[in-house]
Amino acid sequence: LGALALQRNDYAKATQYFEQSLAANPNDTQLQVEVAELQRRQGQNQKAVQSIQAAIASQEKATGQKADEGWYRRALAISYDAKLAPEIISSGEALVKAYPSATNWRDVLVIYRDSAKYDDQMNLDIMRLMRANNALTGERDYAEFAETAALKGFPGESKAVMDEGIAKGAIKSTAPWVKDIMTSVAPKVASDQKSLPGLEKESAAAKDGKLAFGTADAYLGYGEWAKAAAMYKVALSKGGVDTAAANLRMGYALGKAGDKAGAQAAFDQVSGAPRGQLARYYKIWLGNQG
């Protein structure tokens, strides 16, 4: 009856019959997904996402295997198209937990980044997570990351991002904009690195944690994970800094250094806007590490 109603484009009646069929056969996950599409066609987008999520849960409980990746992506697509903020978050998290590919990470983080106007520091934290998941692609991503890092005073991180993009063939070293950035940041790297040990000592004597925070950020850009984490701890102990940002970056540094327990503890300290949700994504990245 549902199929006949569908042939007549009577979506409401088709949905009614299919839902009756589901009530009698709750483990028919493919039918759940088909019902979700009918719900979407009728503008019932929230119900559609819930139906797909229910199908995913039922399928994985029944088989012990991950449900089809397309189902996860479809839930995110419907949520995004309908501008359903809570469902965008839940379906995005589910996608990168189950299928943490570079493409999926990029889609989820770009949607997250575009959902609000974040400042440069927040954008750097988002792009760092994209880079950690190999999700930077093309000139736009590398240019934005490198330019933002240079603007905020991190020549080492800016150059590292550019070097990576060139090595991966994502950007061309001969491009004028690439030459401009490299000409700007490359000469600063040696002196910047040389200054860091002295800044560590000054941070220990400083009245607050601001200098330690800046020094930690610099070490983070150079991939000096243990030193970065140590300086974030100093910054937090002295106070006067953005604790959410410090804990988030300390968690990232500890995660890159292989200290998963320490990283988890640091991420757990991050709450509230704007970094609370970003910390949840960082936790997923941490959980996906071998």
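Now for a look at the structure at hand. (Residues numbered from 1 in each chain as written. Predicted model: local features only at pLDDT ≥ 70, side-chain atom pairs only at ≥ 80, totals over all residues. Heavy atoms only, no water.)

Thoughts on the nonpolar core
In a soluble, globular protein the nonpolar side chains are often hidden away together inside. The biggest cluster of nonpolar side chains holds 81 residues, and the ones touching the most others in it are Trp 105, Leu 278, Tyr 281 and Trp 285. Take this core: its biggest share by element is eight residues, from helix H14 (residues 243–256). Ignoring sequence-local partners within four residues, the contact set of Trp 285 consists of Trp 105, Leu 129, Ala 132, Asn 133, Tyr 252, Gly 255, Lys 256 and Phe 267. Counting residues in each nonpolar core, the second largest holds seven residues, with Ala 14, Leu 31, Val 35 and Leu 38 among its members. (Core = buried A, V, L, I, M, F, W, Y, C linked by side-chain atoms within 4.5 Å. Buried < 20%, exposed > 50% of the residue type's maximum accessible area, 1.4 Å probe, protein only. Helix = DSSP H or I, 4+ residues; strand = E, 2+ residues; numbered from the N terminus. Contact = heavy atoms within 4.5 Å.)

Some remarks on the packing of aromatic side chains
Within this structure, the stated rule accounts for nine aromatic pairs. With a centroid separation of 5.7 Å and an interplanar angle of 70 degrees, the aromatic rings of Tyr 72 and Tyr 99 are classed as edge-to-face. Of this pair, Tyr 72 sits in helix H5 (residues 69–81) while Tyr 99 sits in the loop between helix H6 (85–98) and helix H7 (102–114), and the two are 27 residues apart along the sequence. No difference in accessibility class separates Tyr 72 from Tyr 99, as the two residues are buried. Relative to Trp 285, the ring of Tyr 282 has its centre 6.3 Å away and its plane inclined at 85 degrees; by these criteria the two rings are edge-to-face. You can see Tyr 282 and its partner Trp 285 sitting in helix H16 (residues 275–287), three residues apart, about one turn around the helix. Residue class for Tyr 282 comes out buried when judged on its relative accessible area of 1%. Given the relative accessible area of 2%, Trp 285 is considered buried. One aromatic cluster is present, formed by Trp 225, Tyr 252, Phe 267, Tyr 282 and Trp 285 through successive ring pairs. Positioned over the ring face of Tyr 99 is Lys 66, at 4.4 Å from the centre of the ring. (Phe/Tyr/Trp six-rings, centres within 6.5 Å; stacked < 30°, edge-to-face > 60°. Lys NZ or Arg CZ within 6 Å of the ring centre and 35° of its normal.)

Here's the deal with helix H8 (residues 120–132)
Over its 13 residues, H8 runs 18 Å from end to end, which matches the ideal 18 Å to within 8%, given 1.5 Å per residue. With ten of 13 residues buried, H8 is to be regarded as a mostly interior element. Tucked inside the fold, the buried residues of H8 contact H7, helix H9 (138–151), helix H10 (155–167), helix H12 (210–221), H14 and H16. Its side-chain oxygen 3.3 Å from the backbone nitrogen of Gln 121, Asp 119 forms the N-cap of H8. (Expected span 1.5 Å × (residues − 1). Polar contact = N/O pair within 3.5 Å; in protein donor to acceptor, adjacent residues only side chain to side chain.)

Remarks on the packing of helix H3 (residues 29–41) against H5
A packed helix pair is summarised by two numbers, namely the angle formed by the two axes and the spacing between the axes. At their nearest, the axes of H3 and H5 sit 12 Å apart, and the two run at 20 degrees to each other. Relative to H5, the element H3 lies roughly parallel. As for how H3 packs across H5, the hand of that crossing is left-handed. Residue-level contacts link Thr 29, Gln 30, Val 33, Glu 37 and Arg 40 of H3 to Trp 71, Arg 74 and Ile 78 of H5. Classifying every residue of the contact of H3 with H5 by side-chain character gives three nonpolar, two polar and three charged. (Axes fitted to C-alpha atoms, helices over the stretch in contact; angles between N-to-C directions. Parallel < 35°, antiparallel > 145°, perpendicular 65-115°, else oblique. Left-handed = near helix turned anticlockwise from the far one by under 90°. Nonpolar A, V, L, I, M, F, W, Y, C, P; charged D, E, K, R; others polar.)

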